[in-house]
Amino acid sequence: MYDQHQGFYNHYGQGYEQEDVRQEEGEVEYVVNYDPFVFETAQSVIGSKLVFQTTQGSVRGTLIDAKPDHVVVEQEGGTFFIRIQEIVWILVQNKE
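Residues numbered from 1 in each chain as written. Predicted model: local features only at pLDDT ≥ 70, side-chain atom pairs only at ≥ 80, totals over all residues. Heavy atoms only, no water.

**Regarding the overall build of the protein chain**
The following threshold applies: Each helix corresponds to a stretch of at least 4 residues labelled H or I by DSSP, and each strand to a stretch of at least 2 residues labelled E; elements are numbered beginning at the N terminus. The cut-offs for exposure are 20% and 50% of the maximum accessible area for each residue type, with area from a 1.4 Å probe on protein chains only; residues under the lower value are buried, those over the upper are exposed, and the others partly exposed. Only heavy atoms enter the contact rule, under which two residues are in contact if any of them lie within 4.5 Å.
For the protein chain, the helix and strand inventory stands at two helices and eight strands. Within the protein chain, buried positions represent 20% of all 96 residues. Sequence separation of 24 or more characterises 37% of the internal contacts of the protein chain that already satisfy a separation of 6 or more.

Right, dumping it as structure tokens:
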């Protein structure tokens, strides 16, 4: 519902201005939580055997790559790509 003097109203009757609800067509905003400390630390232990505790469980294997948004862990069963946002803690088992 729109009242040209007051602006828009939502279904609760609360008003808000038109520019609050307008989105430019074709614009996409991509937001990544970048944790430079985890990324730089992971880069420093590439090749080491690690344990990653994530929000979904733990992954144990060899760190083969680190990117700003994810790490790549290889283990016997396959390769895991773990988002850095999901990492709770990291245990370095040995540094080769």
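Back to the text.
**Here's the deal with the environment of Glu 40**
You can see Glu 40 is positioned in helix 2 (residues 36–44). Between the C-alpha atom of Glu 40 and that of Pro 68, which follows or precedes it by 28 residues, the distance is 8.5 Å.

**Details of the nonpolar core**
Which entries qualify depends on this criterion: Put simply, a nonpolar core is a bunch of buried Ala, Val, Leu, Ile, Met, Phe, Trp, Tyr and Cys residues held in one set by side-chain atoms that sit within 4.5 Å of each other.
Among the nonpolar cores identified, the biggest contains 13 residues, and Phe 52, Leu 63, Val 71, Val 73, Ile 82 and Ile 87 are the most heavily contacted of them. If one sorts the elements of this core by residue count, strand 5 (residues 57–66) sits on top with three residues. Excluding its chain neighbours within four sequence positions, the residues that come into contact with Leu 63 are Ala 42, Val 45, Ile 46, Gly 47, Ser 48, Leu 50, Phe 52, Val 71, Val 72 and Val 73.

**Digging into the pairing of strand 7 (residues 78–83)**
Our working rule: Strand pairing follows a simple DSSP-based rule, namely that at least 2 bridges must link the two strands.
Direction of pairing for strand 6 (residues 70–75) relative to strand 7: antiparallel, over a ladder of six bridges. Across the sheet, Val 72 pairs through a bridge with Phe 81, a residue of strand 7.

**Side note on the pattern of salt bridges**
Side-chain pairing between opposite charges can occur once the charged atoms of the two side chains come close. Just so we agree on the cut-off: We define a salt bridge as a contact between a side-chain nitrogen of Lys or Arg and a carboxyl oxygen of Asp or Glu at a distance within 4 Å.
Within this structure, the stated rule accounts for two salt bridges. Across the pair Lys 67 and Asp 65 runs a salt bridge whose closest N-O atoms are separated by 3.3 Å. Judged by its relative accessible area of 25%, Asp 65 falls in the partly exposed class. Note that Arg 83 is salt-bridged to Glu 86, the shortest N-O span being 3.9 Å.

**Side note on the confidence of the model for the protein chain**
For clarity, the threshold we go by: Residue-level confidence of the predictor, termed pLDDT, takes values from 0 up to 100.
On average, the protein chain scores 79 in pLDDT, and the residues at 70 or more come to 70%. Throughout residues 1–22 the model reports pLDDT below 50, and contacts reaching past four residues in sequence, or to other chains, amount to 20 contacts.

**Some words on the pairing of strand 5**
Sheet topology places strand 4 (residues 49–54) next to strand 5; six bridges connect them, and they run antiparallel. Following the sheet pairing, Gln 53 is matched in strand 5 by Ser 58. Two successive antiparallel strands, strand 4 and strand 5, enclose a turn made up of two residues. As judged from the four bridges shared by strand 5 and strand 6, these two strands associate in the antiparallel manner. Paired with Leu 63 across the bridge in strand 6 is Val 73. Hairpin connection from strand 5 to strand 6: three residues lie between these consecutive antiparallel strands.

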